[in-house]
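Tertiary structure, described
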Amino acid sequence: MNRQGSARATREAAARASARRKPPVDSPVPAPSVLGRVARPSGPSGIRVVLALLTRRDTPNRIFEAAARAHGPVTHIHMAGEHVYLVSDPDLVTEVFLTRAREVMKGRGLQAARPLLGNGLLTSEGEFHLRQRRLAQPGFHRERIESYASTMVSESLQHEGNWADGAQVDMVDEMTSLTFAIVGRTLFGADLTGDARTFGDTLADLMTGFGQLSAIGNERIVRALPKGRRLLARVEDLDHVVQRIIDEHRADAAAGIEHDDLLSWMISSRDDEGSSTYGTAMSDSQLRDEVMTMVLAGHETTAMALSWAWWLLSENPDVAERIHAELTSVLGKAHLRAPNFDDIPRLPLTHAVVAETIRLYPPAWIMGRRTLNDMRIGEWDVPSGSIVLGPPWILHRDPAYWDDATSFVPDRWLNGDGHFDETAPGQPRGAWIPFGFGNRRCIGEQFAWTEAVLVLAALASRWRPELVPGSVVDTTAAVTLRPRHGLPMTLHRRARPSQTSAPAMDER
Ligand code: HEM
């Protein structure tokens, strides 16, 4: 870019940053509560919880789990100036997050990440959110996911091309850079690997940073703190990369060059008839927010799911061997071929391993909402403006709804015919919520299943990663549930490269 161009880009980035400082479109404000003094459910002392979090005596997921198990289906914690209601009953969670979704908005954690995510799908509200969701949805239709599948496989095979037999790697880093490359290619047609170091590292730092500041819960204070200001300066670095990708797409569109990715859909999408904004396209600043949201939501969660899966397979070698047998029976033994989209229904155990992994280690381990009205939850009156937490981590591990709740049992997801079936364990609706609810349900759910199954299939047919003996594996829960100390693993090659057929050119 020449100097004039770069000065213009900087001015535009500043204008976008200033636009993001304005109050978000359609952001609702909780109505004043008309309840007087209300009885609150029991719960742990907020000061103790905050101290335990700050001193890292335990991880947030376990602190909340202990509170819910001790105090029941609705637990109250008064912390950081907020009345927090932790809801760990499947029916009550479904009622608040699905049936009464119009009476709540997103919680404080995501509000704190607004300087990074802007007003994208994860953070926006109301009509504006629904409009953005409608515009982005076609990019996630079945035929689109099918077309992304070959890229998911070719990126996996390219990635494992750098693996060496006996080498030690951190599986969290490996899976993060792989899912990052996949998101870049499939959703934005962009090779993010050149930017991966800066972009990926910066994004991870920013999520941790904003995650730590999320306890403050007020965007204005977050922005004023020295740490907040440092983080914001780094957001601008990412803005430049994102703007470059948008500019390139627009220039190509003007030159008649077509791209087949989500960003192109979003650039060409127009509000449909019947909408008051009929024919309107997304602005550059809106595109920026959606790109940032998709890059973040689309790679970190799946990377964590895959990382935990590798660890669970290493801990359960019998399952690892059964998965390998399933893969070689479908992909061939002597001449292993690359997996493809049509193989997915033929890989029920691989599918089940993904499901069982995100049951035990849900990447989105907790979801938050703020009540917009006074609301009754179970037998409790919850005043407007309260925080309600819905915790997949707790619900997925509750022995009331799951046999052998804390054990890794992929077979629970196979029905009588041996097919993968999400209802096979017989759990109630709200006890299985890895992708959330209703119109806030993960838009990338099918993308994530496809990616996780195909990446596992491509790599587990060729490699058997093993945890380095003596490594301590524990959880840490910020925005996503991560392995606290990474996952040091030794790579053992299963098939020799000469036996491995390269992906066909049309798969790349
Ligand atoms: C295993 C992988 C994934 C998990 C466990 C996961 C989980 C979730 C959950 C629980 C929500 C709802 C959050 C809430 O209600 O507060 C969500 C929303 C979202 N996810 Fe995912 N996700 C995954 C992968 C993906 C992928 C691959 C993409 C994009 C390519 C994506 C994009 C989004 C977006 C944009 C939203 C906001 C949707 C809206 O509010 O309209 N996610 N995800």
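Residues numbered from 1 in each chain as written. Predicted model: local features only at pLDDT ≥ 70, side-chain atom pairs only at ≥ 80, totals over all residues. Heavy atoms only, no water.

**Some details on the overall build of the protein**
Applicable threshold: Segments assigned H or I by DSSP are reported as helices when at least four residues long, segments assigned E as strands when at least two residues long, and all are numbered from the N terminus. Relative accessibility decides the category of a residue: with a 1.4 Å probe and only protein chains considered, values under 20% of the type maximum give buried, values over 50% give exposed, and everything between is partly exposed. What makes two residues a contact is simply this: any of their non-hydrogen atoms within 4.5 Å. Note on areas: Shrake-Rupley with a 1.4 Å probe; residue coverage comes only from the protein chains shown.
A tally of regular secondary structure across the protein gives 18 helices and twelve strands. Within the protein, the proportion of its 508 residues that are buried is 54%. Put simply, of all contacts in the protein between residues at least 6 apart along the chain, 76% involve residues at least 24 apart. Counting only carbon and sulfur atoms, one obtains 52% of the accessible surface of the protein, whose full area is about 22000 Å².

**Comments concerning the sheet that holds strand β2 (residues 82-87)**
So the rule is basically this: At least two bridges found by DSSP between two strands is the condition for calling them paired. In this analysis, axes come from line fits to C-alpha atoms, helices being fitted only over the stretch in contact, and the angle between any two N-to-C directions falls in the range 0 to 180 degrees.
Spatial ordering of the open sheet is given by β1-β2-β8-β5-β3, a layout of five strands whose pairing is mixed. Of all strands in the sheet, those with a lone pairing partner are β1 (74-79) and β3 (104-106), marking the two edges. Strand-to-strand twist in this sheet, taken as the mean axis angle between neighbours without regard to direction, amounts to 30°. In this sheet, β2 lies alongside β1 in antiparallel orientation, the contact comprising six bridges. Its bridge partner lying in β2, Ile77 is registered against Val84. Each of β1, β2 and β8 (387-390) is contacted by helix α3 (residues 60-71), which is oriented at about 130° to β1, the strand it contacts most. Sheet strands touched by helix α4 (residues 90-99): β1, β2, β3, β5 (367-371) and β8. Its angle to β8, the strand with the most contacts, is close to 125°.

**Topic: the site of the ligand**
Formally: The rule for a residue being near a molecule or strand is that one of its heavy atoms must lie within 4 Å of it. Under the rule applied, a polar contact is a pair of N or O atoms within 3.5 Å (in protein, one hydrogen donor and one hydrogen acceptor; residues adjacent in sequence only if both atoms are side-chain atoms).
Lining the immediate environment of the ligand, one finds 27 residues, of which His129, Arg133, Arg369, Arg440 and Cys442 sit closest. Between the ligand and Lys106 there is a distance of 3.1 Å, counted from an oxygen atom to a side-chain nitrogen or oxygen. Measuring from an oxygen atom of the ligand, one finds a backbone N or O atom of Leu121 at 3.2 Å. Of all elements in the fold, only α7 (126-136), α14 (284-315), β5 and α18 (445-460) reach the threshold of two or more residues within the shell around the ligand. The greatest single-element share of the shell around the ligand, amounting to five residues, is contributed by α14.

**Notes on the coordination of the iron atom of the ligand**
The line we're drawing: Note: metal donors comprise N, O and S atoms at 2.8 Å or less from the metal (3.2 Å for Na, K and Ca); water molecules are not included, so apparent gaps in a site are possible.
Donation to the iron atom of the ligand from the protein comes from one atom only, Cys442 (SG), at 2.3 Å. For Cys442, the location among the structural elements is in the loop between α17 (392-395) and α18.

**So, the confidence of the model for the protein**
Filter applied, for reference: Confidence of the predictor in every single residue is expressed as pLDDT, which spans 0 to 100.
Counting all residues, the mean pLDDT for the protein is 87, and 88% of those residues have values of 70 or more. Taken together, the stretch residues 1-11 has pLDDT below 50 and engages in four contacts with residues farther than four places along the chain or on a different chain. Confidence drops under pLDDT 50 across residues 497-508; counting only partners more than four residues distant or on other chains, this segment forms 19 contacts.

**Quick notes on the packing of aromatic side chains**
Stated precisely, the cut-off is as follows: Within 6.5 Å between ring centres, the rings of Phe, Tyr and Trp (the latter by its six-membered ring) count as paired, and their orientation is classed by plane angle as stacked under 30 degrees, edge-to-face over 60, tilted in between. Note on criteria: charge over ring means Lys NZ or Arg CZ within 6 Å of the ring centre, with the direction from the centre no more than 35 degrees off the ring normal.
Tallied over the full model, the rule gives 15 aromatic pairs. Centroid distance Phe140 to Phe447: 6.5 Å. Interplanar angle 65°. Geometry classified as edge-to-face. One end of the pair, Phe140, is in the loop between α7 and α8 (142-160); the other, Phe447, is in helix α18, and 307 residues separate them in sequence. Like Phe447, Phe140 is buried. Ring plane angle 70° and centroid distance 6.3 Å describe the contact between Trp402 and Trp432, whose orientation is recorded as edge-to-face. Separated by 30 residues along the polypeptide, Trp402 in the loop between α17 and α18 and Trp432 in the loop between α17 and α18 bring together distant segments of the chain. A residue is classified by how much of its surface remains accessible, and Trp402, at 2% relative accessible area, is buried. We classify Trp432 as buried; its relative accessible area is 8%. Above the plane of the ring of Trp393 lies Arg397, whose end atom (NZ or CZ) is 3.9 Å from the centre.

**Looking at the pattern of salt bridges**
As a reminder of what qualifies: By definition here, a salt bridge exists when the distance from a side-chain nitrogen of Lys or Arg to a carboxyl oxygen of Asp or Glu is within 4 Å.
Counting across every chain of the model gives 24 salt bridges. Ionic pairing is found between Arg440 and Glu125, a salt bridge with its closest N-O pair at 3.7 Å. A residue pair is termed long-range when its members are at least 10 positions apart, and Arg440 in the loop between α17 and α18 and Glu125 in the loop between α6 (114-117) and α7 qualify at 315 residues. Across this residue pair, the class does not change: Arg440 and Glu125 are buried. Residues Glu356 and Arg412 are paired through a salt bridge, measuring 3.1 Å at the closest nitrogen-oxygen approach. Highlighted residues: Glu356 in helix α16 (residues 348-360) and Arg412 in the loop between α17 and α18, separated in sequence by 56 residues.

**A short note on the sheet that holds strand β12 (residues 488-490)**
Spatially, the three strands line up as an open sheet ordered β4-β12-β9, and their pairing is antiparallel. Looking along the sheet, the strands with just one partner apiece sit at the ends: β4 (168-170) and β9 (466-467). Of the pairings in the sheet, the one linking β4 to β12 comprises three bridges and is antiparallel in character. Directly across from Gln168, in β12, lies its bridge partner Thr490.

**Here's the deal with the environment of Asn415**
Within the secondary structure, Asn415 sits in the loop between α17 and α18. Taking relative accessible area as the criterion, Asn415 reaches 24% and is therefore assigned partly exposed. A sequence separation of ten residues divides Asn415 from Pro425, and the C-alpha atoms of the two residues are 8.5 Å apart. Among all residues touching Asn415, those that are not within four sequence positions of it are Asp421 and Ala424.

**A word on the nonpolar core**
Short version of the rule: Each nonpolar core is a collection of buried residues, namely Ala, Val, Leu, Ile, Met, Phe, Trp, Tyr and Cys, held together in the definition by side-chain atoms within 4.5 Å.
Counting 122 residues, the largest nonpolar core has Leu116, Met175 and Phe188 as its most contacted members. If you tally residues by element for this core, the top one is α14, at 16 residues. Among residues more than four places away in sequence, those in contact with Phe188 are Val183, Ile245, His249, Asp261, Leu263, Val291, Met294 and Val295. Among the nonpolar cores identified, the runner-up in size contains 16 residues, and Val87, Val93, Val104 and Ile433 belong to it.

**Describing the side chain of Thr94**
Along the polypeptide, Thr94 turns up in helix α4. Judged by its relative accessible area of 12%, Thr94 falls in the buried class.

**A word on the packing of helix α15 (residues 317-331) against α18**
Note the threshold: Orientation categories follow fixed angle ranges, with anything under 35 degrees roughly parallel, anything over 145 roughly antiparallel, 65 to 115 roughly perpendicular, and all other angles oblique. When residues are sorted by character, Ala, Val, Leu, Ile, Met, Phe, Trp, Tyr, Cys and Pro go into the nonpolar class, Asp, Glu, Lys and Arg into the charged class, and all the rest, Gly among them, into the polar class.
At a minimum axis separation of 10 Å, α15 and α18 run at an interaxial angle of 90°. Classified by the interaxial angle, the pair formed by α15 and α18 is roughly perpendicular. In this structure, α15 contributes Ile323, His324, Leu327 and Leu331 to the contact, and α18 contributes Leu456, Ala457 and Ala460. Partitioned by chemical class, the residues of the contact of α15 with α18 number six nonpolar, one polar and no charged.

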